[in-house]
Amino acid sequence: MISNLRIAGVIIGIIGLIATFLIYRGPNWKRLNFVLFALFNLCLIAISINPNLLNAVRDALSLQNTARGRILALLVISNIFLLFYIFYTKSKVEKFSFQFDQLVRNLGSNFISRDTKPVSSIKPIMILIPAYNEAENLKELLPRIPKRIHENDVGVLIIDDGSEDETYFVAEKTDGVIAVKNLVNRGGGAALRLGYDILIKSKGHICVTMDADGQHLPEDIEKLVSPVLNDQYDIVIGSRIRGKREKDSLLRIAGVYIFSIIISLLLGKKITDPSSGFRAFKINTIDAIQLSEDQYHTSELIIEAVKKNLRIGEVPITIVKRRFGRSKKGKELIYALNFTKTILKTWWR
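Residues numbered from 1 in each chain as written. Predicted model: local features only at pLDDT ≥ 70, side-chain atom pairs only at ≥ 80, totals over all residues. Heavy atoms only, no water.

1. What to know about the overall build of the protein chain
What counts is decided by this rule: Put simply, DSSP marks the helices as runs of H or I at least four residues long and the strands as runs of E at least two long, and each gets a number from the N terminus on. We call a residue buried when its accessible area falls under 20% of the maximum for its residue type, exposed when it is over 50%, and partly exposed in between, using a 1.4 Å probe and counting protein chains only. Here, two residues are considered to be in contact whenever any of their heavy atoms come within 4.5 Å of each other. All accessibility values rest on the Shrake-Rupley procedure with a 1.4 Å probe; residue burial counts only the protein chains present in the view.
What the protein chain contains, in helices and strands, is 14 helices and eight strands. The 349 residues of the protein chain split such that 45% are buried. Sequence-distant contacts, at least 24 apart, represent 72% of the contacts inside the protein chain between residues at least 6 apart. If you sum the accessible surface of the protein chain, you get close to 19,200 Å²; carbon and sulfur atoms cover 61% of it.

2. With respect to a nonpolar patch on the surface
How we decide: The patches described consist of residues with a relative accessible area above 30% and no salt bridge, like charges being joined within 9 Å and nonpolar side chains (Val, Leu, Ile, Met, Phe, Trp, Tyr) within 5 Å. Salt bridge, as used here, is a side-chain nitrogen of Lys or Arg placed within 4 Å of a carboxyl oxygen of Asp or Glu.
Together, Ile 14, Ile 18, Phe 21 and Leu 22 make up a nonpolar patch on the protein surface, roughly 370 Å² of accessible area in all. Here Ile 14 shows up in helix 1 (residues 4-24).

3. Overview of the nonpolar core
For clarity, the cut-off: Here, nonpolar core means buried Ala, Val, Leu, Ile, Met, Phe, Trp, Tyr and Cys residues that are tied together by side-chain atoms lying within 4.5 Å of each other.
By size, the foremost hydrophobic cluster in this structure holds 35 residues, and its most contacted members are Leu 157, Ile 159, Tyr 196 and Ile 312. Ranked by residue count, the leading element in this core is helix 9 (residues 188-201), at six residues. Those residues within four positions of Ile 312 in sequence are excluded, and the remaining contacts are Tyr 233, Ile 235, Ile 237, Lys 269, Ile 271, Ile 302, Ala 305 and Val 306. In this structure, Leu 141, Ile 145, Ile 158 and Val 170 belong to the second largest nonpolar core, which totals 32 residues.

4. What to know about helix 13 (residues 298-307)
In an α-helix, one turn spans 3.6 residues, which is why side chains three or four residues apart end up on the same side. The buried fraction of helix 13 amounts to nine of the ten residues, a majority that puts the element mostly inside the structure. Those residues of helix 13 lying buried are Thr 298, Ser 299, Glu 300, Leu 301, Ile 302, Ile 303, Glu 304, Ala 305 and Val 306.

5. A word on the environment of Leu 266
Summarising the element assignment, Leu 266 is placed in helix 11 (residues 250-267). Residue Leu 266 is classed as partly exposed on the basis of its relative accessible area, which comes to 26%. Discounting chain neighbours no more than four positions away, the residues touching Leu 266 are Ile 343, Leu 344 and Trp 347.

6. Focus: the packing of helix 1 against helix 2 (residues 31-49)
Just so we agree on the cut-off: The convention used is that axes are lines fitted to C-alpha atoms, helices contributing only their stretch in contact, and that angles between N-to-C directions extend from 0 to 180 degrees. Here the angle decides the label: under 35 degrees means roughly parallel, over 145 means roughly antiparallel, 65 to 115 means roughly perpendicular, and every other value means oblique. Here a crossing is taken to be left-handed if its near helix is turned anticlockwise relative to the far helix by less than a right angle, and right-handed if that turn runs clockwise. In this count, Pro and Cys sit with the nonpolar residues alongside Ala, Val, Leu, Ile, Met, Phe, Trp and Tyr, while Asp, Glu, Lys and Arg are called charged and the others, Gly among them, polar.
Closest axis-to-axis distance for the helix 1/helix 2 pair is 8 Å, and the angle between their directions is 165°. Taken together, helix 1 and helix 2 sit at an angle that is classed as roughly antiparallel. Note on packing geometry: the crossing formed by helix 1 with helix 2 is left-handed. Note on element contacts: helix 2 touches helix 1 through Asn 33, Phe 34, Phe 37, Ala 38, Asn 41, Leu 42, Leu 44, Ile 45, Ser 48 and Ile 49, opposite Arg 6, Gly 9, Val 10, Ile 12, Gly 13, Ile 14, Gly 16, Leu 17, Thr 20, Phe 21 and Tyr 24. Tallied by class, residues from the contact of helix 1 with helix 2 come to 13 nonpolar, seven polar and one charged.

7. Re the pattern of salt bridges
With the rule as written, the count across this model stands at 17 salt bridges. Taking the shortest distance from any N to any O, the salt bridge between Glu 140 and Arg 323 comes out at 2.9 Å. A residue pair is termed long-range when its members are at least 10 positions apart, and Glu 140 in helix 7 (residues 135-141) and Arg 323 in the loop between strand 8 (312-319) and helix 14 (332-348) qualify at 183 residues. Its relative accessible area of 33% is what places Glu 140 among the partly exposed residues. The exposure class of Arg 323 is exposed, given its relative accessible area of 61%. Asp 273 serves as the salt-bridge partner of Arg 240, at 2.7 Å between the closest nitrogen and oxygen. Note that Arg 240 is positioned in strand 6 (residues 235-245) and Asp 273 in the loop between helix 11 and strand 7 (279-282), a separation of 33 residues in sequence. Of the two residues, Arg 240 and Asp 273, neither departs from the other in class, the shared state being buried.

8. Side note on the packing of aromatic side chains
Inclusion rule: Pairing of aromatic rings covers Phe, Tyr and the six-membered ring of Trp, with a centre-to-centre limit of 6.5 Å; geometry is then stacked below 30 degrees between planes, edge-to-face above 60, and tilted otherwise.
Scanning all chains against the criterion turns up six aromatic pairs. Measuring from centroid to centroid gives 6.3 Å for Tyr 24 and Phe 37, while their planes differ by 20°, and the two rings are stacked. Of the two residues, Tyr 24 is situated in helix 1 and Phe 37 in helix 2; the sequence distance between them amounts to 13 residues. Judged by relative accessible area, Tyr 24 falls into the buried class, the value being 13%.

9. Here we look at unusual backbone geometry
A positive phi angle is found at Glu 151, which is not glycine, with a value near 70°. Summarising the element assignment, Glu 151 is placed in the loop between strand 2 (148-149) and strand 3 (152-161). Despite not being glycine, Asp 231 shows a phi value in the positive range, around 60°. With respect to the element layout, Asp 231 can be found in the loop between helix 10 (221-229) and strand 6. Judged by relative accessible area, which is 43%, Asp 231 ranks as partly exposed.

10. Comments concerning the pairing of strand 5 (residues 206-209)
One face of the sheet, then the other: side chains in a regular strand alternate in exactly this way. Heads up, the rule is: The pairing criterion is simple: DSSP has to find at least two bridges between the two strands.
Judged by which residues are buried, strand 5 turns out to be covered on both faces: Ile 206 and Val 208 on one side and Cys 207 and Thr 209 on the other are all buried. In terms of strand pairing, strand 1 (residues 125-131) meets strand 5 through four bridges, oriented parallel. Residue Ile 127 lies in a different strand from strand 5, and its bridge partner there is Val 208. Here four bridges tie strand 5 to strand 7, and the two strands are oriented antiparallel to one another. The partner of Cys 207 across the bridge, within strand 7, is Phe 281.

Given below as structure tokens:
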């Protein structure tokens, strides 16, 4: 006699088959999705009618002497299917995310070709600053940025990453500053990619990235730029470990040292401050580097640059505490986990 559980399995499988057909017919036809869900529901119906079909799987997993062995085998199969579908869905989401990223970057970088003012404001050395709700800090930071370094004019490009305060207007009204606004907040890495696109299109020479929160000192910009101008390095990273820092969380500093050890081991190159966003490089090096991280992006450029055999160096800098607002990095443990994931993912790809 068929148990209630098996009857329920048959009913759920039939409903699933009907739903699969209704969802994916006509203009919504997706062959792989249809096959996956139809196969899953057919297997559910078949196993519900004849549970002995699971015996082979149960025996293969050495569960024949285990209580509820067939149910455990069914759970194993279901989880394998679920994991496969999760990875498949994630790949689709990443594809859409990539397409969205390209759309936003094209819309933003086309700004440079529609307006003659930004074109004339592009200088041989460009300071690229992603900013999210940093109006008060920018008011103090922007006037301190040098106008010339080693006879080279210096300009500033602010990417306002969907701010809700006056960040864009503070940047726009500052002389020598180009301001471009993302309509939505996407993260510092995404904002930087938009900035890179603009500088590449405008034939910039050297880019310096720095934070908008005032923790990076404009007085250190020349230290970063000089080795690049002298063709000593392709990329120069500002290191708080080699330089100075105001008192900070012990957990955060410990994290910097730990990430330094991990990245140095993975790359075979000593990097003391892999989380530093204060760096200088030749614009044309970015074209050869694959960048995709929106949030935890600071290590991505380093890892990709080493893979491309680019010359990377470090100079000592000073990091100070932000004066206004709160950090956008989030809780330290979550930041550390996501930063680790980014390191491993970038190294593996």
